[in-house]
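Spelled out from the first residue to the last, the chains are:
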Amino acid sequence: MNVPCVRVPRESGEAARRRLADAGLLDHDHEITVDEGTLYIPVVDADAVPDDLAVVDFEPPTRETQTTPADLLGFEPSYERLGDIVILDEDDPDRAREIADAIVASDLKAETVVNRASKVKGELRVRDWDVLVGDSTETVHREYGHEFRLDIDTVYFSPRLATERHRVVEAIQEGEHVFDMFAGVGPFAVPAAAAGAEVVACDLNEAAVAFLRENAARNDVADRLTAIHGDVREVAADYEGWADRLIMNLPHSASGFLDTAVRLASDDCVIHLYDIQHEDDPFGPGLAAVRAAAEPTYEVDVVNEHVVRSYAPHEYNVCLDVRLTKRGERAGGDRQTPG
């Protein structure tokens, strides 16, 4: 059976494999194969592979797998990996315990297994957890070559958004001023700084900001990243007109901060506004809110309308990328124009 594979010269294979492993893209169900000096590396998501790597259809041999939780349970359990934590979302505590026991008995590497015990709640966006295996909710998560230390008990982090974060970071140009308004532990801010931007990252959660500062140092970008604990509406007074790019990843309420975003925006600024909307009109409400906040001071142009993922029945988590251009002024100065 053909599967998507990254095709590289054999001598470049290890470097490519490491990049794909760091991004969590390796397909462990199939073998990496050498054929006439070319290496074929199976991947799980062809669309998420960096553009400089070629993806082709190839038929590698199936890997002789180790014991999985499904082998022991007789069904395929649903779970997420975050560093060495396995996250379950089971309503039935007995079923959650059964899955946790199977994970421990399998060859799946995990230090901790938790089950979601609440929805994301409060202005700090944290959950309650039932810890089924292990005694620590701290971990180090690796994503697209960057490391993020965090504690799921005190901060919010979604590994599902890795591809979306990478999409945004790939648009960043060296020298940009990037303001991450709800930064968490830095999954947007750290890669943005690594891409050459000057970054200001703000969050109301003091624990998240402490991890953010640690993660900036861990990834060697502390000299280009300013982490601020506080309400972005108050922080904005020190950065009015500064931002070439604004990241607003607070899907349920980011639209309520658009007045602050407009204060932060430079003469030419791209906003990435995350939203939760009904499938009948996933982008209209967000665009209307941007126009209400920015016009007539700025012209508002849609750069991209992007569905991130399904959120609930008939609802989508979406990102609206819009450009604000101040009317009657030349934007950008000597800086490159954000894309």
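A look at the overall build of the chain
Now for step 1: Across its full length, the chain holds nine helices and 17 strands.
Now for step 2: Whereas a compact globule of 339 residues would reach a radius of gyration of roughly 20 Å, the chain reaches 21 Å, a difference of no more than 12%.
Now for step 3: By the burial criterion, 49% of the 339 residues in the chain qualify as buried.
Now for step 4: Long-range pairs, those at least 24 residues apart, make up 65% of the contacts in the chain between residues at least 6 apart in sequence.
Now for step 5: For the chain, the exposed area adds up to about 16400 Å²; of that, 43% sits on carbon and sulfur atoms.

A word on the pattern of salt bridges
Two side chains with opposite charge may pair up if their charged atoms get near one another.
Now for step 1: In total, this model carries 26 salt bridges according to the counting rule given.
Now for step 2: Arg19 is paired through a salt bridge with Asp52; the nearest N and O atoms lie 3.0 Å apart. Taken together, the residues Arg19 in helix α1 (residues 13-22) and Asp52 in the loop between β3 (38-42) and β4 (54-58) connect sequence positions 33 residues apart.
Now for step 3: For Arg19, a relative accessible area of 38% corresponds to the partly exposed category.
Now for step 4: One salt bridge in this structure joins Asp89 and Arg116, with 3.8 Å as the shortest N-O distance. In this pair, Asp89 sits in the loop between β6 (85-88) and α3 (93-105) while Arg116 sits in strand β7 (residues 112-116), placing the two residues 27 residues apart along the sequence.
Now for step 5: What makes Asp89 partly exposed here is its relative accessible area of 49%.
Now for step 6: One connected set of salt bridges, linked through shared partners, spans Glu138, Arg142, Glu147, Arg149, Glu214 and Arg218.

So, the sheet that holds strand β16 (residues 298-312)
The strands making up a sheet associate through hydrogen bonds between their backbones, and the pairing can be parallel or antiparallel.
Now for step 1: The seven strands are arranged β13-β12-β11-β14-β15-β17-β16 in an open sheet whose pairing can be described as mixed. The strands lining the two open edges of the sheet, one partner per strand, are β13 (225-229) and β16. Each adjacent strand pair in this sheet contributes to an overall mean axis angle of 15°, direction not counted.
Now for step 2: By the bridge criterion, five bridges tie strand β14 (residues 243-248) to strand β15 (residues 265-278) in an arrangement that is parallel. Counterpart to Arg245 in the pairing with β15 is Val270.

Some points on the sheet that holds strand β8 (residues 129-133)
Now for step 1: As summarised here, the arrangement of the four strands in space is β5-β6-β7-β8, forming an open sheet in which the pairing is mixed. Edge positions in the open sheet fall to β5 (80-82) and β8, since each of these has one partner strand only. For this sheet, the mean inter-axis angle between neighbouring strands, taken without regard to orientation, is 30°.
Now for step 2: Examined bridge by bridge, β7 and β8 share four bridges and lie antiparallel to one another. When the sheet's bridge partners are listed, Val113 is paired in β8 with Val133.

Quick word on the confidence of the model for the chain
Now for step 1: Averaged over every residue, the pLDDT of the chain is 92; residues scoring 70 or more account for 96%.
Now for step 2: In this model, residues 330-337 is a region of pLDDT below 50 whose contacts with residues beyond four sequence positions or in other chains number 13 contacts.

Section: unusual backbone geometry
Leaving glycine aside, a negative phi is the common case for residues, and trans is the common case for peptide bonds.
Now for step 1: Put simply, Glu295 and Pro296 share a cis peptide bond, and its omega is 0°.
Now for step 2: Of note, Pro296 is situated in the loop between α9 (284-294) and β16.
Now for step 3: In this structure, Glu36 is a non-glycine residue whose phi angle is positive, near 55°.
Now for step 4: Within the fold, Glu36 resides in the loop between β2 (33-35) and β3.

Analysis parameters
Residues numbered from 1 in each chain as written. Predicted model: local features only at pLDDT ≥ 70, side-chain atom pairs only at ≥ 80, totals over all residues. Heavy atoms only, no water. Helix = DSSP H or I, 4+ residues; strand = E, 2+ residues; numbered from the N terminus. Rg over C-alpha atoms; globule rule 2.2 N^0.38 Å. Buried < 20%, exposed > 50% of the residue type's maximum accessible area, 1.4 Å probe, protein only. Contact = heavy atoms within 4.5 Å. Areas by Shrake-Rupley, 256 points an atom, 1.4 Å probe, with all protein chains shown as cover. Salt bridge = Lys/Arg side-chain N within 4 Å of Asp/Glu carboxyl O. Pairing = 2+ DSSP bridges. Axes fitted to C-alpha atoms, helices over the stretch in contact; angles between N-to-C directions. pLDDT = per-residue confidence, 0-100.

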